[in-house]
Structures are given as C-alpha cells and as structure tokens.
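# Topology and contacts: notes
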Amino acid sequence: MTNARIKPDAGNPLIGVLGGGQLGRFLVNTAREWDIRLSILDPDPEAPAGRVAHRFQVGNLLDYETVIEFARDLDILTVEIENVNADALEAIEARIPVRPSSQILRMVQDKGLQKEFYRKNGIPTSEFLLIAGKLELPESPERYPAILKLRRGGYDGRGVTRINSPAECPNGFDMPSVLEELVPIEKEISVIVSRNSKGQTAAYPSVEMVFNSDHVLDYQVAPADVSVEVEAESKRIALDLAEILKLEGILAVEMFITKSGKILVNEIAPRPHNSGHSTIEGNRTSQYEQHLRMLLGYPPGPTDLIQPHGLLNVLGSGAGEPVVHGMPEALAIPGVHVHLYGKAMSKQGRKMGHVTVLADDRAILLDRLNQLRTLRVGPV
Ligand code: ADP
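Residues numbered from 1 in each chain as written. Predicted model: local features only at pLDDT ≥ 70, side-chain atom pairs only at ≥ 80, totals over all residues. Heavy atoms only, no water.

Another point: the overall build of the chain. Across its full length, the chain carries 10 helices and 20 strands. Radius of gyration (C-alpha) of the chain: 21 Å, near the 21 Å computed for a compact globule of 380 residues. The dimensions of the chain, computed from C-alpha atoms along their principal axes, are 60 × 55 × 45 Å. Burial statistics for the chain: of 380 residues in total, 54% are counted as buried. Look at the contacts in the chain between residues 6 or more apart in sequence, and 63% of them connect residues 24 or more apart. For the chain, the accessible area works out to roughly 16600 Å², and carbon and sulfur atoms hold 51% of it. If you average the places of the 41 positive and of the 49 negative side-chain charges in the chain, the two averages end up 2 Å apart. (Helix = DSSP H or I, 4+ residues; strand = E, 2+ residues; numbered from the N terminus. Rg over C-alpha atoms; globule rule 2.2 N^0.38 Å. Buried < 20%, exposed > 50% of the residue type's maximum accessible area, 1.4 Å probe, protein only. Contact = heavy atoms within 4.5 Å. Areas by Shrake-Rupley, 256 points an atom, 1.4 Å probe, with all protein chains shown as cover. Lys, Arg positive; Asp, Glu negative; His and termini not counted. Charge placed at Lys NZ, Arg CZ, Asp CG, Glu CD.)

See below:
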C-alpha cells in the first residue's frame, strides 16, 4: 500500500503522536518553536506530553477504534512508542501519512520478525532461534549460556533473561520468544539516522550506552569511544537500514561491538529514542527537530557534536510525591542541563527525568556524571 504524501503547502499541520511520555513531551517542545500543533494520545491522564501539547486525548493506544477516531482530523500521524494498534495505522495510512508506516511498526513490535528481517537483508546480528515457548528450548548443552527474549511486549530489559544451561530452561517464558547466542559484548552503542521522502539522510555520531547488571541503562556518552572504522561502519549499517525500510523519520539502531570488534545490530526503534536525549544540548540539531524535519519532508539538519556530552537518568527513589532532591548541587556543576518530565508520582527506579552534561575531556565528563548521581526524585 502506498502512503499518502505530505503536501508542500501543508501550512500549519496538525500532527498526531501516539504516546505521551517524555519523548512526546520533547517533540511537543520542539514543534512549538515552529508553531506546529501536536495532538497526543496516551492512556495516562497525567502523561508528561499531555500537559504541554496543543491537544491531549486520554485513550488506549492498542484499541483500534480509539486510534481511528483520534486520527480523524490529523494531517500526519507519528508515534513515540511502538506498542500501538498497527491495524488502525494501516487503515489510517490510506488517507494521511503515517510515519513510521504500519509495516515498519509491525516488524519492530516483534523481536522475532526483527531478527528475520536482519537475516533476510544481510544486516549483521547475533545467531538466533525462534520458539513458541520454553518447552521448545533446545536440550543440547552447547546452546548455552544464551539470552532469551520475549518476542513482544518487553522493554528496558524486562522480558530478557539469561539461560545458563538446559537445567535453567524452566525459567524461560511460556510465550513466543527468541533464543539468542550470548554475545561477548565489549560495548553497546546507538546510532540515530534520519531519512526523508526525498531520500535525504543524516547520521548522528554514535552514543555509548553503559548498562547495569539488571540490563537497565546506567549512563551514556557521546561520542562513543570506538575506532574510526567502527564509527564509519556502524553509521553505514544504520543508514542501510533506513534505506531498506524506505524510512521517513528517524531510526535509532542499537548495536553491540563484540570483543573481537564485530558490529551486530541488537534492535531498532523508528522514533525518537532515549539514546538521543542529549542531542538537545549536545548536537547541532536535536533528534526531535530531526524527526519533525523528516515528517515534513524538510532537509535534515547538521548532526555534529557541539561538545562531547553524557547523560544520566534521574530515577525515582521511592513511591510517592515527586520531590526533587539534589538540585542545587547538580546545578553547581558546569555544563549541566536538567530535564524533569513532570510525572505525577515517583516510583522506585522510574525514569523521572534526565540530566545532560557537556565537557571536552572524557575523564571530567565521567566525573561530573558520577557527581550527578545524587540527583533523584522521590518522597521526602
Ligand atoms: P530491551 O528491548 O528490553 O531493552 P534488549 O534486547 O535491548 O532488551 O536487551 C537488553 C540488554 O540485554 C542489552 O542492552 C544487552 O546488555 C543484553 N543483551 C541482549 N541481547 C544479548 C545477547 N544476545 N548477548 C548478550 N547480551 C545481550
């Protein structure tokens, strides 16, 4: 099915966004600078983007009728989360541009389809096996240790588990899953690329992501500490993906650099991404502006670094009233920018905001990120 095109004289379009989290909130902030109206749909009446959007509707992103009704008077529809009703998007894209397309979203929603897509298109990725549930886990000991992932619905490391031996197979999921070989990871990086309807593309410098033992992001820095060759090759792979997908928008490509220097694609997200938050202060064009440029068929903006930068999530430190602790200390550190998402309640470990810090010297950058760990949001 061909998508409807954006008219060059679209004037002041009304852009719908499925999802109203922090990514949607930053998209709204950017759209305001161009006097572009954003309409947000999110199930949470207190959604961070809902408070700042031109229009906000509370509703279930997975409900066909809700999404169809939401899109009734929109000029363009986009997403800030993948878990949305793809059938509704397919119906809507016969009438208005839907970016990313329902076809891309269907593939990305399922880690099994993603892996098959990489294999079919010669994109390097780890070896894998698709199974219907844990009873289908292979019994041969040489398959382990391995990583088991739910095909659908996992995020931020939830729905990912390590199986060390056949004896641990009962710990697997009772749902369709992907069994992946355990990659000897040296580094995890993300490259964000963009492409518009004219086929114009751009790639951001790679971002290095450092995870804690629970597979949750600890901090990230840009540029990643990788060789010139790895930097060039990872950008090439990410741009290849954008081209194969005929993407109109932005795409975050998460990759593993193995101990032997190989690059393997882990997963992709066809929308603004957490790894791109620090492009707001750290790069000449933020990922949010780049996404809007691509949606509207405008040329991509320059992606170069303004200065090396790092990012730390500001996490909830308990359940209750979201009171910010450590703000004066954080703001005393040079090169710091604090972003708080306005979430109504804090929960232990919940992402309540993030802080970006800029510094030319990497050791200074890491030291400043460390000092910022005292910044938290939670009950007094
Ligand atoms: P999510 O979508 O929940 O973020 P990921 O697929 O990104 O899940 O996996 C979360 C983390 O688990 C990765 O960032 C990486 O640290 C680790 N991981 C995932 N796949 C593998 C693998 N095949 N080998 C080794 N570690 C992996």
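Okay, the pairing of strand 16 (residues 309-315) next. Of all seven residues making up strand 16, six are buried, and the element is well covered by its neighbours. With seven bridges connecting them, strand 16 and strand 19 (residues 351-358) associate as antiparallel partners. Bridging from a neighbouring strand, G310 pairs with V357 of strand 19. (Pairing = 2+ DSSP bridges.)

Around the ligand lies a shell of 18 residues, among which K111, K149, G157, E188 and E267 are the nearest. The contact in question runs from an oxygen atom of the ligand to an N or O atom on the side chain of E267, over 2.9 Å. In isolation the ligand exposes 550 Å². Once the protein is present, 93% of that is buried. Of all elements in the fold, only strand 7 (146-150), strand 9 (177-181), strand 10 (185-195) and strand 15 (263-269) reach the threshold of two or more residues within the shell around the ligand. Of the residues contributing to the shell around the ligand, the split by class is eight nonpolar, three polar and seven charged. (Near = heavy atom within 4 Å. Polar contact = N/O pair within 3.5 Å; in protein donor to acceptor, adjacent residues only side chain to side chain. Nonpolar A, V, L, I, M, F, W, Y, C, P; charged D, E, K, R; others polar.)

Looking now at helix 1 (residues 22-33). With 12 residues, helix 1 should cover 16 Å at 1.5 Å per step; its first-to-last C-alpha distance of 17 Å lies within 8% of that length. Among the 12 residues of helix 1, nine are classified as buried, and the element is accordingly described as predominantly covered. Taken together, the buried positions of helix 1 are Q22, L23, G24, R25, F26, L27, V28, T30 and A31. Phi turns positive, to about 55°, at D35, one or two residues after helix 1. (Expected span 1.5 Å × (residues − 1).)

Formed by 25 residues in total, the largest nonpolar core has its most connected members in L241, L245, L251, V253, M255, V265 and I268. The set of elements that each furnish at least two residues to this core consists of helix 4 (102-108), helix 5 (111-120), strand 10, helix 6 (228-244), strand 14 (249-258) and strand 15. Tallying contributions element by element places helix 6 first for this core, with five residues. If we skip the residues at most four places from it in the chain, L251 touches V191, I192, V193, A238, L241, A242, L245, I268, A269 and P270. (Core = buried A, V, L, I, M, F, W, Y, C linked by side-chain atoms within 4.5 Å.)

Think of an α-helix as 3.6 residues a turn; residues three or four steps apart then line up on the same face. Buried residues of helix 5: K111, G112, Q114, K115, F117 and Y118, and no others. Once helix 5 ends, the next one or two residues include G122, with phi positive near 70°.

With respect to the helices, strands and loops of the structure, T66 is situated in helix 2 (residues 64-70). Separated by 2.5 Å, the side chains of T66 and D63 make a polar contact. The residues touching T66, leaving out its near neighbours within four places in the chain, are L41, Q57, G59 and N60.

With that settled, consider the pairing of strand 15. Within strand 15, six of the seven residues are buried, which leaves the element mostly enclosed by the surrounding structure. As defined by bridge partners, strand 14 adjoins strand 15 across six bridges and the pair is classed as antiparallel. Its bridge partner lying in strand 15, V253 is registered against I268. Taken together, strand 14 and the strand that follows it, strand 15, pair antiparallel across an intervening segment of four residues, in which G261 is found at a positive phi of about 90°.

Let us now look at the sheet that holds strand 9. Pairing in this open sheet of four strands is antiparallel, and the strands run 6-9-7-8 from one edge to the other. The strands lining the two open edges of the sheet, one partner per strand, are strand 6 (128-131) and strand 8 (160-163). Here the average twist between neighbouring strands, direction ignored, is 25°. As paired strands, strand 7 and strand 8 are joined by four bridges and run antiparallel to one another. Its bridge partner lying in strand 8, A146 is registered against I163. (Axes fitted to C-alpha atoms, helices over the stretch in contact; angles between N-to-C directions.)

Within the secondary structure layout, P300 lies in the loop between helix 8 (287-295) and strand 16. Linking P300 and N196, residues 104 residues apart in sequence, is a C-alpha distance of 7.8 Å. For P300, the contacting residues outside a window of four places in its chain are S194, N196, Q200, T201, A202, Q290, R293 and M294.

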